[in-house]
Amino acid sequence: MVRKSSMGCGNYVVVLVLLFFGAMKVRSDSSDHKYKSGEEVPLYANKVGPFHNPSETYRYFDLPFCSPGHVKDKTEALGEVLNGDRLVTAPYKLDFTNDRETEVVCKKTLSKEEVARFRDAVAKDYYFQMFYDDLPIWGFIGKVDKEGKADPSEYKYYLFKHLHFDIHHNKDRVIEVNARTDPNALVDITEDKEIDVDFMYSVKWKETGIPFEKRMEKYSQTSALPRHLEIHWFSIINSCVTVLLLTGFLATILMRVLKNDFVKYAHDEEAADDQEETGWKYIHGDVFRYPKQKSLFAAALGSGTQLFTLAIFIFILALVGVFYPYNRGALFTALVVIYALTSGIAGYTAASFYCQLEGKNWVRNLLLTGGLFCGPLLLTFCFLNSVAIGYHATAALPFGTIVVIFLIWALVTSPLLVLGGIAGKNSKAEFQAPTRTTKYPREIPQLPWYRGALPQMAMAGFLPFSAIYIELYYIFASVWGHRIYTIYSILFIVFIILIIVTAFITVALTYFQLAAEDHEWWWRSFVCGGSTGLFIYGYCLYYYYARSDMSGFMQTSFFFGYMACICYAFFLMLGTVGFRAALFFVRHIYRSIKCE
């Protein structure tokens, strides 16, 4: 009976994995399509929005462009919708290898209101994005003439009315596409008055020898330019030096101090039995006393373990080339699906550890584990989605997509969380404590202010953050800008360095805490390990106000809202790393001495 159930669960997981890899293939079949001369190649208009506000994007035809007779929405994958992509058929006909001289898309009379909308878009530096055979096309919809004009009221606003497409092909496949506007074909939209506009386009095809397999390389070359690579490698060297200095310092100091401690305690054992113990040996009867709020602690540990597993899987997919440039929505699809599939790890870790701590209400612990990260994320999403709906932006998720995400949570995440929790509860693992815990806790001595939780968190978070802050700029410029990040190997090295530094600094601070006869190290090691997340959020403030040009309520709320969720995830993940390292260290040192 049990065997049959486990086989069903296994098949269930296999189906989910197959669905995941199917979802990863978010490119349409047209991306690998061979065309004949004169055959229509799909061109889709995606979105428009202020160039400096990447989250504030709108549907292409929210602006009064020429619309084809029947606007058809392209079927999109889950990740594409989460990315804010809303592809619709464009009014331009770009048939394979067919050149077109200046052709009129439509003749349109813009009303005063439409002129005002275009002028407001030009003033905010709106860009448009299209996809031709799954190749991205970017361009601006107009320009502002500020030359020689000090007063903004004297600025001239112009709308581009002619779009020229340069397309390269290799035999029967599209290789490259560029769009540029004609600087001489302008429409003055400075004043609120009706204007007759002839929207036009032209197409020029050229033969190229670039193979189809390398057509996406040009989008990743900006990340690999020599100047950028030098900065990336400087970041790696900076991080490595930090790690070497830190590990060398800690290894030297801790090994010497611990060796002296071991010799001292061994000598004390041979001396008179009534000699008073000092230092970390003195609290051997309290060091493994279970922490306060152990249900919350186990839930945080389970969520952090799941997020750490999620990060590892994301890096594996990145290193094997899944997240190539403009593979629309692949990252979001991977995050949703892998998070759902790894929820069993959170349930197992939390329930197992909670039961090791002699917890009784494991069901409540499981509910707490499921909501510890998803709860704040859900509240943030509800608020930000409401803001996006108010702005009529493409970041607002359609009702159907929300239903799909809810079904994934209800049919995949929750069942796997419960199954993992049941497995963890039944694992019968015991907490491995080298020393016995006394009935009553010792009183913690009065400690100086710099040994408090906040100063320790500041010290613990600064070093790991200093090892990654250079790379953070490129990540932010990619996520909250238009740069493309493709050097995942360097990012993975930085991630490994972050984990190592977090573990070592937490171990060091834990030792100093125990040496000061403070036995409440459980929560302290967790929050010290996770404090790097707070430093990253502090960097968000710096990046937003000093390094970016983002503005407006929607963009501000999206940036700080979702970055708060990401930094909270880092807090849980790195807190788990810090506690696991500290637990390993504490067990090791107390196994090495003889305690009565």
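The structure under discussion appears in the preceding block.
Below is a short write-up of the structure.

About the cut-offs
- Residues numbered from 1 in each chain as written.
- Predicted model: local features only at pLDDT ≥ 70, side-chain atom pairs only at ≥ 80, totals over all residues.
- Heavy atoms only, no water.
- Pairing = 2+ DSSP bridges.
- Helix = DSSP H or I, 4+ residues; strand = E, 2+ residues; numbered from the N terminus.
- Axes fitted to C-alpha atoms, helices over the stretch in contact; angles between N-to-C directions.
- Buried < 20%, exposed > 50% of the residue type's maximum accessible area, 1.4 Å probe, protein only.
- Polar contact = N/O pair within 3.5 Å; in protein donor to acceptor, adjacent residues only side chain to side chain.
- Contact = heavy atoms within 4.5 Å.
- Expected span 1.5 Å × (residues − 1).
- Bend = angle between axes of the 7 residues up to and from the residue.
- 1 Å grid on protein atoms, 1.4 Å probe; cavity = no way out; pocket = protein on both sides within 12 Å on 5 of 7 lines; lining within 4 Å.
- Points joined across faces, edges and corners; volume = space filled by probe spheres on them.
- Disulfide = S-S within 2.5 Å.
- Patch = residues over 30% accessible without salt bridge, like charges linked within 9 Å, V, L, I, M, F, W, Y side chains within 5 Å.
- Areas by Shrake-Rupley, 256 points an atom, 1.4 Å probe, with all protein chains shown as cover.
- Salt bridge = Lys/Arg side-chain N within 4 Å of Asp/Glu carboxyl O.
- Lys, Arg positive; Asp, Glu negative; His and termini not counted.
- Charge placed at Lys NZ, Arg CZ, Asp CG, Glu CD.

Quick look at the sheet that holds strand β4 (residues 100–110)
Strand-to-strand pairing in sheets goes through backbone hydrogen bonds, with the strands running parallel or antiparallel.
At step 1: Read from one edge of the open sheet, four strands run β4-β12-β9-β10, paired in mixed fashion. Among the strands making up the open sheet, the edge pair consists of β4 and β10 (173–181). Adjacent strand axes in the sheet meet at a mean angle of 20°, parallel and antiparallel pairs treated alike.
At step 2: Both strand β9 (residues 162–170) and β10 contribute to a ladder of eight bridges, which runs antiparallel.

Re the side chain of T342
At step 1: You can see T342 is positioned in the loop between α7 (330–341) and α8 (343–356).
At step 2: Given a relative accessible area of 5%, T342 falls into the buried group.
At step 3: Within the local environment of T342, its side chain forms a polar contact with the side chain of Q306, the two groups lying 3.5 Å apart.
At step 4: Filtering out sequence-adjacent residues up to four positions away, T342 remains in contact with Q306, T309 and F313.

Quick word on helix α11 (residues 453–479)
At step 1: End to end, α11 covers just 33 Å across 27 residues, shorter than the expected 39 Å (1.5 Å per residue, more than 12% under).
At step 2: The principal kink in α11, of about 50°, is found at Y469.

Describing unusual backbone geometry
At step 1: We note that T97 has phi near 60°; this positive angle belongs to a residue other than glycine.
At step 2: Here T97 is to be found in the loop between β3 (88–89) and β4.
At step 3: Backbone geometry at K171 places phi at a positive 60°, although glycine is not the residue there.
At step 4: The topology assignment puts K171 in the loop between β9 and β10.

Some words on empty space enclosed by the protein
At step 1: Summed over all chains, the structure comprises four cavities of 30 Å³ or more.
At step 2: One number sums up the size of the largest cavity: a volume of about 130 Å³.
At step 3: Around the largest cavity, the lining comprises 14 residues; the ones closest to its centre are F65, Y92, F128, F160 and L163.
At step 4: When contributions to the lining of the largest cavity are tallied by element, the ones reaching two or more residues are β5 (126–132), β8 (156–160) and β9.
At step 5: Put simply, the second largest cavity is a space of about 50 Å³.
At step 6: Taken together, L447, R451, Q456, L509, F512, Q513, A516, D518 and R524 form the lining of the second largest cavity.

Some points on the state of the cysteines
At step 1: Applying the stated rule across the entire model yields one disulfide.
At step 2: Each sulfur in the disulfide pair C66 and C106 lies 1.6 Å from the other. Torsion about the S-S bond of the C66 and C106 cystine: about -65°, corresponding to left-handed handedness. Residue C66 is located in the loop between β2 (58–59) and α2 (78–82), and its partner C106 is located in strand β4; the two are separated by 40 residues in the primary sequence.
At step 3: On the basis of relative accessibility, which here comes to 5%, the residue C66 falls in the buried class.
At step 4: Of all cysteine sulfurs in the structure, the one in C567 sits closest to C540, which takes part in no disulfide; the separation is 4.4 Å.
At step 5: No disulfide involves C565; its nearest neighbouring cysteine sulfur is the one of C567, lying 9.5 Å away.

Looking at a negative patch on the surface
At step 1: On the surface, a cluster of negative charge is contributed by E113, E194, D196 and D198.
At step 2: Inspection of the secondary structure assignment puts E113 in helix α3 (residues 112–123).
At step 3: Assessed through its relative accessible area of 56%, E113 is described here as exposed.

Notes on the pattern of salt bridges
Pairing of side chains with opposite charge becomes possible as their charged atoms draw close.
At step 1: In the structure shown here, the tally under the stated rule is 15 salt bridges.
At step 2: Here D73 ties to R59 by a salt bridge, and the two come within 4.0 Å at their closest N and O atoms. Here R59 lies in strand β2 and D73 lies in the loop between β2 and α2, a separation of 14 residues in the sequence.
At step 3: Residue D73 is classed as partly exposed on the basis of its relative accessible area, which comes to 49%.
At step 4: Residue D133 pairs with R215 through a salt bridge whose shortest N-O separation is 3.0 Å. On the criterion of sequence distance, the pair formed by D133 in the loop between β5 and β6 (135–140) and R215 in the loop between β12 (195–207) and α4 (217–220) is long-range, its members being 82 residues apart.
At step 5: With relative accessibility at 1%, the residue D133 sits in the buried group.
At step 6: On the basis of relative accessibility, which here comes to 4%, the residue R215 falls in the buried class.

Here's the deal with the pairing of β9
At step 1: Of all nine residues in β9, nine are buried, a share of seventy percent or more.
At step 2: Burial along β9 is two-sided: the residues H162, H164, D166, H168 and N170 and L163, F165, I167 and H169 are all buried.
At step 3: Relative to β12, β9 runs parallel, the two sharing eight bridges. In the sheet register, I167 faces β12, and the bridge partner there is W205.
At step 4: Remark: two residues form the turn of the hairpin made by β9 and β10, two consecutive strands paired antiparallel; K171 in that turn has positive phi of roughly 60°.

Concerning helix α13 (residues 522–530)
At step 1: Here α13 lies mainly inside the structure; eight of its nine residues are buried.
At step 2: Residues of α13 that are buried make contact with α6 (294–319), α8, α11, α12 (488–515), α14 (532–547) and α15 (553–591).

A closer look at the pairing of strand β1 (residues 43–50)
Walk down a regular strand and you will see the side chains alternate between the two sheet faces.
At step 1: A large share of β1 lies buried, amounting to seven of its eight residues.
At step 2: The pairing of β1 with β5 spans seven bridges and is antiparallel. By the bridge assignment for β5, A45 is matched with M130.
At step 3: Both β1 and β3 contribute to a ladder of two bridges, which runs antiparallel. Note that in β3 the partner of Y44 across the bridge is T89.
At step 4: As judged from the two bridges shared by β1 and β2, these two strands associate in the antiparallel manner. Looking across to β2, one finds that V48 is bridged to Y58.

Keep in mind that these numbers describe shape and distance, not what the molecule does.
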